[in-house]
Amino acid sequence: YSLRCILGYIYRCLKNYEQAHFYLKEAINLKPKGPIAYLICGEIFFWQSNYAKAINNLEKSKNYKAKINNLYIILGNSHLFYKRYGNANSSYNFALENSPDNYLCLKNIACNYVKWNSYNNALEKLDKLLNINKDDSLILCYYGEILCNIGQYSKAISYFTKANIIDPENTHNLNKRAIAYYTLQDYNKVLLDLDKVIQLDPLNSLAYYLKCIIYYTKKDIDNAKMVFKKCKELLDFNDILAKTQLFHLECLLNKNNSTELNNILTKINQISNIKDSELLILVRCKVYVELKMYYEAMLDLNLLYDKNSYSYQHISYISFIYLLREYTDFWLYLNVNNNNSDLSKLGIINEFSKYMYEKIRVYFISNLVNLNSKLHQLQENDINSLSEKIISSKNEELYLNLPMQHLWLRIIWKINVKEILNKDCFIKFIIKSTNSEQYKDSELKRYEYVLKYEDVLKLEGLGWIEYQIPKSIEDYVQPSIEINGSINMQIDYVRNGYNAGTITYIPNMGDLLPNFHKLCPHVPETFKDKYFSRKEMENLLELKDIINHL
């Protein structure tokens, strides 16, 4: 048994996996409950990208009492690459209990937490890595990327800047800092970073794409068109995401040119697998709307809805709506074709608000102004909100009572806690409900969920977020909110639905496409060979460990 395990390991080192499996299978037949053969076998399956078999063998090794701590890191890696993030988290945490400063394990669990949308836990692990090595530029850049994910763009820029000082030629880091500057509308600094990228890498298509977006945002159309030509030369037209970027830029630059828009439409419709790309469907929908081909646009919008209506998790669909909200005539067309009803008793009078409420039960808080004129003094314009009009507490106590509505699943509030000026504060979410449309106030059930100062503090500075109340509902419901104490807070909308977590971060992307991270992935994906160093990961299983445990 021992001899076959060692032979299997030697052939593994020679990357002769077929011969390694041959000897390890013989070892397992000789000793079915021996843990070491399963361990080596599982690690080989990991390198063969057969993560299901890797996990199966590593679990057997664990169950047969293998006492090698790195087994749990290899198992965690297998779960991570197999996209079983909860299981990966358990394995990594077990390994860290015995080796809390294991650099590789800390890196991988941080990546796993990001995949799991557990950003604060990811930052905690990256903090430990920076305590070990404060000059790791990739970790600094990754830290900045995660801060951008949770809307802390100013803080993110400080980490991108530290990474840039250490590695000034990292164009990925410069592009990410440029995006952060873009969200803060500091366009001159964006252009400075993008010019540096192009100087370092004249073929960097992402830099040209971002530069075109910046000039368009600044209404410098001549420069935007000049940069677009260069972008068109560099992007790989065989790649569906690259095509989507180009069509998106063309659509922006030819908004009022029906001939060019029709040309774009012709090119998009020549793509055979368009239904597999939500972003491309969105761009085509926008082109249809520009051309006033509302029926075709409606079909595309319905297709996007169908792809994102699973368990009422509408957050992706809402992100697509941002690029279409300006087209009033389109929303009127949709409402007329969807049995337009009178929602004035809810304060809903404009076409966009009607569509959002009828389709996915998004109730804009600005609708309340139509029911109570006193709230007009609290209304503010905010282009980064979905409705572009929000209600702000302005550091004063505020109580908002929404109309009774038929809602289900969970109540979700979109809020932005900008600043807390006094510790003596709280936010109270109230849900009054009944199972009948005909009701008396005395018959209403009341549920309260209170965020105290310590809870509100965690939300301060996160930018726009969706906050989900942990109470299932399926009744006639009257949501309310009470803001007490000196909190500068904005509210955009209330909706029903379901999010995976309590907090969902809403990025400010301006004219960038939704899900922009797909076009510009994070450090672990961009620098996969460095972040998941094969040499480091191969060293997790050493011959001395095998011999000592045979």
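Parameters and conventions
- Residues numbered from 1 in each chain as written.
- Predicted model: local features only at pLDDT ≥ 70, side-chain atom pairs only at ≥ 80, totals over all residues.
- Heavy atoms only, no water.
- Helix = DSSP H or I, 4+ residues; strand = E, 2+ residues; numbered from the N terminus.
- Expected span 1.5 Å × (residues − 1).
- Buried < 20%, exposed > 50% of the residue type's maximum accessible area, 1.4 Å probe, protein only.
- Contact = heavy atoms within 4.5 Å.
- Axes fitted to C-alpha atoms, helices over the stretch in contact; angles between N-to-C directions.
- Parallel < 35°, antiparallel > 145°, perpendicular 65-115°, else oblique.
- Left-handed = near helix turned anticlockwise from the far one by under 90°.
- Phe/Tyr/Trp six-rings, centres within 6.5 Å; stacked < 30°, edge-to-face > 60°.
- Lys NZ or Arg CZ within 6 Å of the ring centre and 35° of its normal.
- Pairing = 2+ DSSP bridges.

J.: Just checking my understanding: could you explain helix H13 (residues 205-217) for this structure?
T.: The periodicity of an α-helix, 3.6 residues per turn, causes residues three or four positions apart to be oriented the same way. In a regular helix each residue adds 1.5 Å, so 13 residues correspond to 18 Å; H13 covers 19 Å between its end C-alpha atoms and thus fits that length. Summarising burial for H13: 11 of the 13 residues are buried, a large majority. Among all positions of H13, only Leu206, Ala207, Tyr208, Tyr209, Leu210, Lys211, Cys212, Ile213, Ile214, Tyr215 and Tyr216 are buried. On its buried face, H13 is in contact with helix H11 (171-183), helix H12 (187-200), helix H14 (221-234) and helix H15 (240-253). Positive phi shows up at Lys219, right after H13, with a value of about 65°.

J.: Would you explain the packing of helix H17 (residues 278-290) against helix H18 (residues 294-307) in this entry?
T.: Packed helices, taken two at a time, are described by the angle between their axes plus the distance between the axes. Two elements in contact, H17 and H18, have axes whose closest approach is 8 Å; the angle formed by their N-to-C orientations is 155°. Considering their axes alone, H17 and H18 lie roughly antiparallel with respect to each other. Every pair of crossing elements has a handedness; the one defined by H17 and H18 is left-handed. Taking contact as the criterion, the partners of Glu278, Ile281, Leu282, Arg284, Cys285, Tyr288 and Val289 in H17 are, on H18, Tyr294, Glu296, Ala297, Asp300, Leu301, Leu303, Leu304 and Lys307.

J.: Please explain unusual backbone geometry as it appears in this structure.
T.: Excluding glycine, residues mostly have negative phi values, and the peptide bonds linking residues are mostly trans. Positive phi outside glycine occurs at Asn117, with the angle close to 60°. Tracing the backbone through its elements, the reader meets Asn117 in the loop between helix H7 (103-115) and helix H8 (119-132). For Asn117, a relative accessible area of 51% gives the class exposed. Notably, Arg361 is not glycine yet its phi reads approximately 55°, a positive angle. Examined against the element boundaries, Arg361 turns out to sit in the loop between helix H21 (351-360) and strand S1 (362-364).

J.: Before we go on, may I ask you to explain the packing of aromatic side chains in this structure?
T.: Where two aromatic rings form a pair, the distance of their centres and the angle of their planes describe that pair. Summed over all chains, the structure comprises 26 aromatic pairs. Summarising the aromatic geometry, the rings of Tyr142 and Tyr531 are spaced 5.6 Å apart at their centres and angled 85° between planes, so their arrangement reads as edge-to-face. Separated by 389 residues along the polypeptide, Tyr142 in helix H9 (residues 137-149) and Tyr531 in helix H24 (residues 528-531) bring together distant segments of the chain. On the basis of relative accessible area, Tyr531 is assigned to the buried category, the value being 1%. Centroid distance Tyr531 to Phe532: 5.2 Å. Interplanar angle 75°. Geometry classified as edge-to-face. Under the relative-accessibility criterion, Phe532 is labelled buried at 10%. In textbook terms, an aromatic cluster arises when at least three aromatic residues are bridged by ring pairs, as seen for Tyr294, Phe330, Trp331, Tyr333, Phe352, Tyr355, Phe364 and Tyr493. A cation over a ring is seen here: Lys107 above Tyr531, with NZ or CZ 5.1 Å from the ring centre. Over the ring of Trp464 we find Lys414, and its NZ or CZ is 5.0 Å from the ring centre.

J.: Please clarify how the pairing of strand S4 (residues 398-401) should be interpreted in this entry.
T.: Within a regular strand, side chains alternate between the sheet's two faces. With burial as the criterion, only one face of S4 is covered, namely that bearing Leu398 and Leu400; the residues Tyr399 and Asn401 on the opposite face remain uncovered. Relative to strand S9 (residues 473-484), S4 is paired through 4 bridges, and the arrangement is antiparallel. Across the sheet, Asn401 pairs through a bridge with Ser480, a residue of S9.

Interpretation note: all reported values are geometric properties and have no functional meaning in isolation.
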